[in-house]
Amino acid sequence: MNKDTPAKAILSSVKNAMRILRLFKKGQEELSVTEIARLIDLPKSTTHRLISELVYEGFLSKNPKTNHYRLGLSLLTLGGVVFSHRDLYLEAQPIVDNLVDELGETAHICLLEDNDVVYLFRKECDQPERLLTYMGRKNPIHCTSEGLAIMAFQKQKVINSFLKKTFYSYTEFTLTDPKELREEMSKIRKKGYAITPNHFYKDFVGIAAPIYDHTENVVASVSIISSMSRITEDKYPLFIDKIKAAGSQISEMLGYFK
């Protein structure tokens, strides 16, 4: 065997993987394995292997409702909005719009990507705070309500793996001890929401609620972040109720019912 053969095989696989990713565009956001194999003119078995690798790396994701594939969050975090979670976006948008109108603060829909929380989209209020929460941005999980509201509901093996990390302290209120974080996530599961006053940004508070999909798994969170001068402690109950209600509404849209 020519010593260059393995390298050529790898290069061929990379090129074919890129060809698959280029198939997805507006009006063609989801494709089946059969459709992808036909469009790139490769055997179905080879196509399935490439798709499996792309899913594993987060560049594709499988829509459980259709069993078709779509662009994944790894592309979102490289910059630019993709249609990988178009269903979630379309279902959540009017509910998030209403939440912003009711509470007068900027709201977000977030998902987990590896050890970070990613902002799928953001709806600004009339007077938005200057926060680094633009679409596609990654922030830490351990000090954000939107991250903890998702992580707290993951399987224990996922939580255990997450808690093995070394956590950075952004303020004197940031939880960095794994035991304290585990206790905090236990409280979040019981209460159904996460709140992080001063944990990431000094003088800012985040409040978030989980979003479930039809498989009864928490796949995202809805959150509001603002200065503590605007969201004072006496307003916490109102904000918590409204955000939890928004999370429940989006969850029901995605097929989750208690």
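Notes on the structure follow.

1. With respect to the overall build of the protein chain
(1) Moving on: Within the protein chain, the regular secondary structure consists of nine helices and eight strands.
(2) Moving on: Counting only residues that meet the buried cut, the protein chain has 47% of its 258 residues in that class.
(3) Moving on: Expressed as a percentage of contacts within the protein chain between residues at least 6 apart in sequence, the contacts between residues at least 24 apart total 57%.
(4) Moving on: Surface accessibility of the protein chain: about 13700 Å² in total, with carbon and sulfur atoms responsible for 51%.

2. Describing the nonpolar core
(1) Moving on: Grouped together as the largest cluster of nonpolar side chains are 29 residues, with contacts concentrated most on Val96, Ile109, Ile207, Val222, Ile243 and Ile250.
(2) Moving on: Mapped by element, the contributors of at least two residues to this core are α5 (86-103), β3 (107-113), β4 (116-123), β7 (204-212), β8 (218-227) and α9 (236-253).
(3) Moving on: One finds Cys110, Ile159, Leu175 and Leu181 within the second-largest nonpolar core, a separate group that totals 18 residues.

3. Let's talk about the packing of aromatic side chains
(1) Moving on: Scanning the model with the defined rule gives six aromatic pairs in all.
(2) Moving on: Aromatic pair Tyr168 and Tyr170: ring centres 4.7 Å apart, planes at 80°, arrangement edge-to-face.
(3) Moving on: Classification of Tyr168 as exposed rests on a relative accessible area of 55%.
(4) Moving on: Considering the side-chain rings of Tyr201 and Phe204, the 6.0 Å spacing of their centres and the 65° angle between planes classify their relative orientation as edge-to-face.

4. Considerations on the environment of Lys44
(1) Moving on: Turning to its location among the elements, Lys44 is positioned in helix α3 (residues 44-56).
(2) Moving on: Expressed as a C-alpha distance, the spacing of Lys44 and Val33, which sit eleven residues apart in the sequence, is 7.0 Å.
(3) Moving on: In this structure, Lys44 is in contact with Val33, Thr34 and Ala37, ignoring residues within four places of it in sequence.
(4) Moving on: A polar side-chain atom of Lys44 sits 3.2 Å from a polar atom in the side chain of Thr34.

5. Overview of the pattern of salt bridges
(1) Moving on: Within the structure shown, the criterion is met by four salt bridges.
(2) Moving on: For the salt bridge of Glu102 with Lys242, the shortest nitrogen-to-oxygen distance reads 3.4 Å. With Glu102 in helix α5 and Lys242 in helix α9, this pair connects stretches of sequence that are 140 residues apart.
(3) Moving on: Residue Glu102 is classed as partly exposed on the basis of its relative accessible area, which comes to 42%.
(4) Moving on: According to the relative accessible area criterion, Lys242 is partly exposed, its value standing at 30%.

6. Quick look at the sheet that holds β3
(1) Moving on: On the basis of which strands lie adjacent, the open sheet formed by six strands has the order β5-β4-β3-β8-β7-β6 and antiparallel pairing. Since the sheet does not close on itself, it has two edges, and those belong to β5 (138-140) and β6 (194-195), each with one partner.
(2) Moving on: As paired strands, β3 and β8 are joined by four bridges and run antiparallel to one another. Looking across to β8, one finds that Ile109 is bridged to Val222.
(3) Moving on: Contacting β3, β6, β7 and β8, α9 runs over the sheet at an angle of about 30° to β7.

7. What to know about the pairing of strand β2 (residues 68-71)
(1) Moving on: As defined by bridge partners, strand β1 (residues 60-63) adjoins β2 across four bridges and the pair is classed as antiparallel. Looking at the pairing, Ser61 lines up with Arg70 of β2.
(2) Moving on: Once β1 ends, the chain turns through four residues before running back antiparallel as β2, passing Asn67 with a positive phi of about 65°.

8. Things to note about the pairing of β4
(1) Moving on: Along β4, six of the eight residues are buried, which leaves the element largely enclosed by surrounding structure.
(2) Moving on: With seven bridges joining them, β3 and β4 adopt antiparallel strand pairing. Note that in β4 the partner of Leu112 across the bridge is Val117.
(3) Moving on: With antiparallel pairing between neighbouring strands as the criterion, β3 and β4 make up a hairpin whose turn holds two residues, including Asp114 at a positive phi of roughly 60°.
(4) Moving on: Note that β4 and β5 share three bridges and pair antiparallel. When the sheet's bridge partners are listed, Val117 is paired in β5 with Asn139.

9. Observations concerning the side chain of Ser226
(1) Moving on: Considering the arrangement of structural elements, one finds Ser226 in strand β8.
(2) Moving on: A distance of 2.7 Å separates the side chain of Ser226 from the side chain of Glu105, its partner in a polar contact.

10. Concerning α3
(1) Moving on: For α3, built from 13 residues, the straight-helix expectation of 18 Å at 1.5 Å per residue is met to within 8% by its first-to-last C-alpha distance of 18 Å.
(2) Moving on: If you check which residues of α3 are buried, you get Thr47, Leu50, Ile51 and Leu54. For α3, the angular spread of buried residues about the axis comes to 100°, placing them on one side. What points out from α3, more than 90 degrees from its buried face, is the exposed set Ser45 and Tyr56.
(3) Moving on: Looking one or two residues beyond α3, the residue adopting positive phi is Gly58, at roughly 90°.

Procedures and definitions
- Residues numbered from 1 in each chain as written.
- Predicted model: local features only at pLDDT ≥ 70, side-chain atom pairs only at ≥ 80, totals over all residues.
- Heavy atoms only, no water.
- Helix = DSSP H or I, 4+ residues; strand = E, 2+ residues; numbered from the N terminus.
- Buried < 20%, exposed > 50% of the residue type's maximum accessible area, 1.4 Å probe, protein only.
- Contact = heavy atoms within 4.5 Å.
- Areas by Shrake-Rupley, 256 points an atom, 1.4 Å probe, with all protein chains shown as cover.
- Core = buried A, V, L, I, M, F, W, Y, C linked by side-chain atoms within 4.5 Å.
- Phe/Tyr/Trp six-rings, centres within 6.5 Å; stacked < 30°, edge-to-face > 60°.
- Polar contact = N/O pair within 3.5 Å; in protein donor to acceptor, adjacent residues only side chain to side chain.
- Salt bridge = Lys/Arg side-chain N within 4 Å of Asp/Glu carboxyl O.
- Pairing = 2+ DSSP bridges.
- Axes fitted to C-alpha atoms, helices over the stretch in contact; angles between N-to-C directions.
- Expected span 1.5 Å × (residues − 1).
- Arc of directions from axis to C-beta.

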